[in-house]
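Listed here are the chains, written in short residue letters.
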Amino acid sequence: MSTDPMDAPTDAPAPVAETVVHVSCLRHSYEDGTTVHLCGLDFVVRRGQRVAVLGPNGSGKTTLIYHLLGLLRSREGEVRVLGVDPARAWPEIRARIGVVLQNVDEQLLAPTVADDVAFSPRQYGMPESEVLARVDAALDLLGIAHLKERVPHNLSGGEKRKVALAGALVMEPELLVLDEPFEGLDPASRDGLAALLERLATERGTTVVMSTHDIDSVPELADYAYVLAPGGAIVLSGTPAEVFEKADTLAEGNIKPPILAELFTALGRADAGAPRPALSIDRAVEALLAWKRRSTGTG
Amino acid sequence: MSTDPMDAPTDAPAPVAETVVHVSCLRHSYEDGTTVHLCGLDFVVRRGQRVAVLGPNGSGKTTLIYHLLGLLRSREGEVRVLGVDPARAWPEIRARIGVVLQNVDEQLLAPTVADDVAFSPRQYGMPESEVLARVDAALDLLGIAHLKERVPHNLSGGEKRKVALAGALVMEPELLVLDEPFEGLDPASRDGLAALLERLATERGTTVVMSTHDIDSVPELADYAYVLAPGGAIVLSGTPAEVFEKADTLAEGNIKPPILAELFTALGRADAGAPRPALSIDRAVEALLAWKRRSTGTG
Amino acid sequence: MSHIHIPDGVLPFWLWAAGWAIALVMVGVAGRVAGRSEARRKVPLVGVVAALMIVSMSSEIVPIAYHVNLSVIGGILLGPALAVIAAFIVEAVLAMLGHGGVTVLGLNTMVIGAEMVLGWALFHAILKVIKPTRAGIGAGIATFLTLAVTTTLVVGIVWIGGGGEAAERETGALDPSTLRFENPFEEGLFEFGLFGDGHGDEDEDAEGERYLSVGRFALVVYTLGPVGWLLEALVTAGIIGYVARVRPRMVFEGALAEEMARIPGDETGGH
Amino acid sequence: MHIGRIDESATLGDSWLHQVSPISKLLAFALVLAAVVLSWNVLVIASITLVLTAVAVSARLKGRLAFSLSAYPALFALIFAFSAATSVLGGAVIVLKAVTAALGAVIVILTTPYPYVFAPLQRVVPGIVGDALLMTYRSLFLLIEKFGNLLTAARLRAGLHAGHPVRSARATTRALGGLLLYSFDLSQRSYDIMRMRGYEGRLRVTLPRSAAPLIDAALVGGALLLAATSLLWRVGWRDLNPYSWIVLAVAALGLAAAAASTWPARGRTS
Ligand SMILES: Nc1ncnc2c1ncn2[C@@H]1O[C@H](COP(=O)(O)OP(=O)(O)OP(=O)(O)O)[C@@H](O)[C@H]1O
Ligand SMILES: Nc1ncnc2c1ncn2[C@@H]1O[C@H](COP(=O)(O)OP(=O)(O)OP(=O)(O)O)[C@@H](O)[C@H]1O
Ligand SMILES: [Mg+2]
Ligand SMILES: [Mg+2]
């Protein structure tokens, strides 16, 4: 388990980044008759990408994620993760995937935070010294070394989530699947986590699939975004900048673009010469200064 | 969302609004020895105010709220809600307070959404016709009339939260206590809820106490904010605009100011003549246009 | 009421030993059967049902002598094979907590297991004649009947074990003389009993009834019983009606249905 | 009955009992259980209770937690005693047995992290039973906690009025149905997560070696002594019963000694 997950053999079809997740036109019917139909665009994730799944409440983000994890089995449509159908061959790929679900309470398994983070490596039979080293590394990554000896059940909501994340990261998975990882985190922790995910993607090539409502962070934390409409259709995909330009489609999907995007849109409405949307503060400042200078020049 | 939050009445001492909540220098020790010491400023909420409690993970927001609800009893410090000590006299004030806790799963008590929302009025023995009317009104308020006959346990995370909110609103409480009410809501629903809270405050005079990590919405959804530092001290209070100006104290408390505040701060750093922070998009656009015009004038 | 709250040592050895033997065979067979199907993914359900039964058996509704068992609910949700395993687990945990006893664990498993299996069978029999929308009522009827039968089973067990001289031999030391305080060195110098009649060997002939009065036990069980059965039936009806509406397959197919969350491949996984 | 409090006591405590190896504790527990099962002598059982209390005191277990956990079964034993026992004495013995056995279990649970309890158990029972036993344990505390939270929610949202028993009962039943589903989903996800994180039906833990094998031996020896005493009094009850008070006195002395040895520390913490 000490080998780099990226060396794992996979079936790369093209010279570009290999496809890690592929979902096409999935339909899921829950027992009570509620149907989620994730059709429209295909949901494709390539190695090393950080992909955000956006969509209003009840649009099917969690349902999609459960299918990726083989927790639900599709009647219609195809799901492939790391080259296999997760509903059939989950045990084969399990060790390569790290997971944090939406409700973290029930994911904390052990009597102390350290034991909890050590759960997977121990179950996979790693030597104890390596287990301990990995646990410390994972706790440090999330800045929760001080919670090490606490009892997970006594932690605050956000602290629990960080512990669950540490437990998912400890195996250095090649694919991370996170359902609303930012829920309940304070803004500083969000930034920390976003930075961490970016570092994982660049340094280890970790692929990340996450659902989120935190639109404002999406430009920072994802390379690529999919947007679900109410009812589940996948209606938009692209880089965050591309996606947030399509304000109309977004509005249909009950999604508000990030504040900066809104600001620039409003500015554009008020002043024809307004700058093009910029989605990070630095770029926005640049754009605004340029806009002012330009107008100063012309005015 | 129509009135500007900055115009809202603040803690004027004299004949103005009556004090609904008063907490002073509360200390709580959990059984495992973790101590939360909510000291520093007093936590005071006046009738009709919408108060946001901000603070990093583990700072004690939930602990504070549990004390307001009489779920925890303070060893040190005083807690008064609607004139009584909630840990002793909760039944007296119960019917006047609506509550949604952080974990909504556990708060859904009945087999259908409609029954769940009807729980409190039925327990208080209201006539069935009024119960039904109230339920419909509450569901409409939150835009979830279509979920009426669904089973709460089958809903998505955000849908559950809306049901819990409907259940808290159905009694038309004079005080609403919400622990992270925006967690898991999509942005459109957040806006809807913020608008709803504002409407409740202006139309019915409902007082709202909520904890939240959604800094960006605070200017819109609260008249007044308290900031907890890690460890629980109450270090800042004031209107959102006042609070977000104190970037240093915020940074100590691990809190990031809203994006617009950050943008204007960054702008100020880059350009001495930059406008004062504006916390809503409309005002920001105005401010930016003025800034540009001004510079055009001077330039 | 059908759970035997008989502590250890009340029943004769042969009886509880036989209970153990039967229970072990039951669990062994059930394990086999469950192992053949896709049992692994039902483990959490077994866990929850067992936990619910333990919780409910440990919380009273009516102050005295009645608590919900939820055993019929468990039977309906788990089906016969897993029900027996759940019964064993419930009894093992309760025994560990001193509620029920270790020696009588086998008998208790038998009774609860029988209750769950019988409840399941009756429920499905009743389902043949009523509409699925009335599943709750069906479950209620099944519960009442089942409890009547298993309570009789319990009384039978107590009767078998309670009357004979075996009990006398086995429970030998239950005697107020236990409370006599005697000086080992000066025999008979001072002695007294806590309850006054501290002279144990004066009424030998009355001893049999002192241990366990079967008649009184049966009386208590059969007078309080029906009230308890009815309550249990109402609770079962409510819960099963609810689950039947929300997760119909859990009730009608008695196990996890196709789409329900699980990790596939587990049937082969593990060991 | 918060699972966090049990975990906390089991993992964060550092008493001598925490340092005893889990196997020794389980063995000692089995012996104590045997002693309780065998004896039908109120003074002997009371002695076992005292000895266990002494152990709990010397290990500085949280008194209230241990008490409430072990008093639970007493309630049910009381019911049985009420309906089946023919004398006050018989009833007392029944209740005492229940409490004592529970106390033994509680001492083990409060001083041993649950993986250490279940790893050895899973080795001796059939696969699916061990697996289900573990899930039962986890579900049990989750359920108790969730049920508590549910009641809290009900209390916050109107309370269950004593004035309307039927209405309250109906609400409770419905809540129970909801709780069933909720806890099922919960334990399903919990189990899924466990398996995603590598659980294969056997908890893999390296059982800690005892820090002081002598203490282990003393513990098991003590338990053996209890079992032997119990057996002796059971077999020779006609002759020995009058001297039962000696056993009790010895146990009481032990308790006093344990209490005395921890006195300064207790004073500080409470
Ligand atoms: N167990 C279930 N039984 C029946 N319907 C369900 C179940 N789980 C989810 N649903 C329904 O399926 C739809 C999609 O739910 P899902 O949880 O995937 O939404 P989501 O996008 O994750 O929403 P949220 O942002 O609120 O978490 C919703 O309409 C929901 O009510
Ligand atoms: N039941 C408990 N037992 C012990 N410590 C606890 C318990 N609940 C909370 N704490 C601790 O008390 C502190 C405050 O917790 P609290 O839940 O009030 O934080 P919070 O501000 O609500 O955080 P979050 O934003 O993550 O929800 C934290 O350090 C937490 O670990
Ligand atoms: Mg979701
Ligand atoms: Mg909180």
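Participant: How would you explain the packing of aromatic side chains if you had to name every residue and give the values?
Facilitator: Tallied over the entire structure, the rule returns nine aromatic pairs over all chains. With a centroid separation of 5.5 Å and an interplanar angle of 85°, the aromatic rings of F144(C) and W229(C) are classed as edge-to-face. Of this pair, F144(C) sits in helix α5 (residues 135-162) while W229(C) sits in helix α8 (residues 214-246), and the two are 85 residues apart along the sequence. By relative accessible area, which is 30% here, F144(C) ends up partly exposed. The buried category is assigned to W229(C), whose relative accessible area is 7%. Seen in terms of ring centroids, Y191(D) and Y199(D) are 6.4 Å apart; in terms of plane orientation they differ by 75°. Their pairing is edge-to-face. The exposure class of Y191(D) is buried, given its relative accessible area of 1%. A connected cluster of aromatic rings, assembled from ring pairs, spans F43(A), Y224(A) and Y226(A).

Participant: I'd love a proper account of the confidence of the model for chain A, names of residues and values included.
Facilitator: As a note on interpretation, predicted positions should not be read in detail where pLDDT is low. In the predicted model, chain A carries a mean pLDDT of 83, and the fraction of residues at 70 or more is 93%. Here residues 1-14 of chain A is modelled with pLDDT under 50, and outside its nearest four sequence neighbours on either side it reaches 21 contacts, counting other chains as well.

Participant: Could you give an account of the domain arrangement of chain A, naming the residues involved and the relevant values?
Facilitator: Parsing chain A into structural domains produces domain 1 (19-240) and domain 2 (258-299). Between domain 1 of chain A and domain 2 of chain A, the C-alpha centre-to-centre distance is 35 Å.

Participant: Describe unusual backbone geometry, and please don't skip the residues or the numbers.
Facilitator: In this structure, E172(A) is a non-glycine residue whose phi angle is positive, near 45°. Position of E172(A) relative to the elements: it lies in the loop between α5 (157-169) and β7 (175-179). For L82(B), which is not a glycine, the phi torsion comes out positive at approximately 50°.

Participant: Before we move on, could you go through the sheet that holds strand β7 (residues 175-179) of chain B and cite the residues and values that matter?
Facilitator: Residue and element names in this part refer to chain B. Read from one edge to the other, the open sheet built from six strands follows the order β6-β7-β8-β4-β9-β10, with strand pairing classed as mixed. Looking at which strands have only one partner, the edges of the open sheet turn out to be β6 (97-100) and β10 (234-238). Between one strand axis and the next, the sheet turns through 15° on average, direction left out of account. Pairing of β7 with strand β8 (residues 207-211) involves five bridges; the strand directions are parallel. Bridged to V177 within β8 is V209. In the packing of helix α1 (residues 61-68) onto the sheet, the strands contacted are β4 (50-54), β7, β8 and β9 (224-228), and the crossing angle to β7 comes to about 150°. Here helix α5 (residues 157-169) sits on the sheet in contact with β6 and β7, set at roughly 170° to β6.

Participant: Summarise the site of ligand 2; cite the residues concerned and give the values.
Facilitator: If you check the shell around ligand 2, you find 22 residues, and the closest are R150(A), S156(A), K61(B), T62(B) and T63(B). Nearby residues place ligand 2 at the junction of chains A and B. At 2.9 Å, a side-chain N or O of N57(B) approaches an oxygen atom of ligand 2. Residue K61(B) places a side-chain N or O atom 2.7 Å away from an oxygen atom belonging to ligand 2. Considering ligand 2 on its own, with 630 Å² of exposed area, one finds that the protein chains cover 90% of that surface. If you list the elements that add at least two residues to the shell around ligand 2, you get α5 of chain A together with α1 of chain B.

Parameters and conventions
- Residues numbered from 1 in each chain as written.
- Chains lettered and ligands numbered in written order.
- Predicted model: local features only at pLDDT ≥ 70, side-chain atom pairs only at ≥ 80, totals over all residues.
- Heavy atoms only, no water.
- Phe/Tyr/Trp six-rings, centres within 6.5 Å; stacked < 30°, edge-to-face > 60°.
- Helix = DSSP H or I, 4+ residues; strand = E, 2+ residues; numbered from the N terminus.
- Buried < 20%, exposed > 50% of the residue type's maximum accessible area, 1.4 Å probe, protein only.
- pLDDT = per-residue confidence, 0-100.
- Contact = heavy atoms within 4.5 Å.
- Domains from an automatic or database assignment.
- Pairing = 2+ DSSP bridges.
- Axes fitted to C-alpha atoms, helices over the stretch in contact; angles between N-to-C directions.
- Near = heavy atom within 4 Å.
- Polar contact = N/O pair within 3.5 Å; in protein donor to acceptor, adjacent residues only side chain to side chain.
- Areas by Shrake-Rupley, 256 points an atom, 1.4 Å probe, with all protein chains shown as cover.

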